[in-house]
Amino acid sequence: MAKPAISTSRPRVLSGMRPTGKLHLGNYMGALANWVKLQNQGAYECYFFIADWHALTTDYADPSQIAPNSLEVMLDYLAAGLDPERSVLFLQSRVLQHAELALLLGMSTPLGWLERVPSYKEMQENLSNRDLTTYGFLGYPVLMAADILLYQPDFVPVGQDQQAHVELTREMARRFNAFYRLPGEERCEVLPEPKVLLTPSPRLPGTDGRKMSKSYGNTILLSDPEPVVRQKLRTMVTDPARVRRTDSGDPDKCPVGDLHKVFSTPETMGKVYEGCRSAGIGCIECKGWAADGLMKVLQPVQDRRAQFTEPQVIEILEDGSRRARIRAEQTMREVRDAMRMTLTTEKEPVSGSRPGC
Ligand code: SF4
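Not measured: the values here are computed from a predicted model. (Residues numbered from 1 in each chain as written. Predicted model: local features only at pLDDT ≥ 70, side-chain atom pairs only at ≥ 80, totals over all residues. Heavy atoms only, no water.)

1. A closer look at the packing of helix α2 (residues 52-59) against helix α8 (residues 140-149)
Two numbers describe a pair of packed helices, the interaxial angle and the distance between the axes.
Then step 1. Where α2 contacts α8, the axes come no closer than 10 Å and their chain directions differ by 175 degrees. As the angle between them shows, α2 and α8 are arranged roughly antiparallel. Contacts between α2 and α8 involve Trp53, His54 and Thr57 from the first element and Tyr140, Leu143, Met144 and Asp147 from the second.
Then step 2. Along the lines of polarity and charge, the residues of the contact of α2 with α8 split into four nonpolar, two polar and one charged. (Axes fitted to C-alpha atoms, helices over the stretch in contact; angles between N-to-C directions. Helix = DSSP H or I, 4+ residues; strand = E, 2+ residues; numbered from the N terminus. Parallel < 35°, antiparallel > 145°, perpendicular 65-115°, else oblique. Contact = heavy atoms within 4.5 Å. Nonpolar A, V, L, I, M, F, W, Y, C, P; charged D, E, K, R; others polar.)

What follows is the structure in structure tokens.
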């Protein structure tokens with residue numbers, strides 16, 4: 001049965017991910033696990049989405065994988081414990097108001113703000129095999145600001161590397177609010193500035209020791225079966241000082257040691273430190289213990305993943321997008337009113353008065 005749009009007095013949080021394919025442990029520990037915690041605390045009204053239009057900013061030449069990847073990401077959201085009964089889970093492109101607000105925000109966003117975004121130059125260099133000198137790529141922070149401001153969230157849970165984007169969103173909201181006010185409610189800001197809710201994210205190395213990232217090809221996926229996880233760990237780099245079995249090593253200088261710190265019990269950690277520093281254990285044994293710790297987290301996620309069929313995932317996304325559209329349209333009515341873009345003979349704003357203004 002269709003659920004009503006969520007409307008509560010709880011503070012609202014919103015966050016999303018690009019559909020780049022199946023999610024990995026880095027995505028889980030850096031964001032998703034925290035979203036599930038926020039949802040389960042019950043203190044927040046939660047909106048989580050898949051930013052499929054954002055994927056087009058880099059994959060416009062071949063968008064064929066964006067839709068299947070969106071389904072995989074939603075499966076991972078559900079597998080991790082996001083619950084459509086408690087969070088609004090939706091697809092960006094099914095809420096057309098994102099495009100409308102992005103267009104309107106873009107009208108007042110100075111070009112210099114976009115050219116200065118650190119990831120603009122960085123991504124152009126990293127993805128040098130693609131032509132990213134496009135209007136869409138330069139404008140992605142505007143679309144991102146629209147994604148956020150449309151839902152008037154109190155908080156945006158992000159990692160440290162995303163903080164600058166939220167700050168730019170706040171600047172765009174400030175500029176919009178300086179230009180436009182709701183008729184008769186001049187004290188009321190149409191697009192409230194959201195705050196950052198910093199996600200604590202442990203350092204999670206990939207199998208080559210660098211930060212786990214899809215672009216490095218060093219990931220362990222949430223959906224990797226146990227034999228694959230064990231195989232990936234077997235080839236993982238270790239403390240370079242431990243060349244032979246008889247050499248002692250240091251878990252603090254070893255990527256496998258970093259995995260233990262996140263996933264293993266204190267007892268296992270004790271055995272790792274003792275055995276590694278005294279050369280009492282071999283790396284294969286140590287990696288087996290790390291795999292045990294990882295599987296304790298991954299197994300329940302994979303069991304939940306197996307419970308959903310593709311038609312169910314599509315239905316969840318459609319229903320969540322319908323609920324998101326209701327909330328998004330509330331904001332857009334206010335935005336159009338504030339910009340005097342509404343044709344009406346009434347003195348009262350079409351959006352009605354906002355409580356608290
Ligand atoms: S024993 Fe474990 S912590 Fe020590 S170097 Fe080998 S894999 Fe790393």
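Moving on from the coordinates now.
2. Examining the pattern of salt bridges
It is possible for side chains of opposite charge to pair when their charged atoms get near one another.
Then step 1. Applying the stated criterion across every chain, the model contains 22 salt bridges.
Then step 2. Of the charged contacts, one joins Arg130 and Asp59 as a salt bridge, the two residues approaching to 2.5 Å between their closest N and O atoms. Of this pair, Arg130 sits in the loop between α6 (118-126) and α7 (135-138) while Asp59 sits in helix α2, and the two are 71 residues apart along the sequence.
Then step 3. Glu226 serves as the salt-bridge partner of Arg230, at 3.0 Å between the closest nitrogen and oxygen. Linking Arg230 with Glu226, this pair stays in helix α10 (residues 226-234), spanning four residues, or about one helical turn.
Then step 4. Judged by relative accessible area, Arg230 falls into the partly exposed class, the value being 24%.
Then step 5. Classification of Glu226 as partly exposed rests on a relative accessible area of 32%.
Then step 6. Within the structure, one salt-bridge network assembled from shared partners comprises Asp250, Asp252, Asp258, Lys261 and Arg277. (Salt bridge = Lys/Arg side-chain N within 4 Å of Asp/Glu carboxyl O. Buried < 20%, exposed > 50% of the residue type's maximum accessible area, 1.4 Å probe, protein only.)

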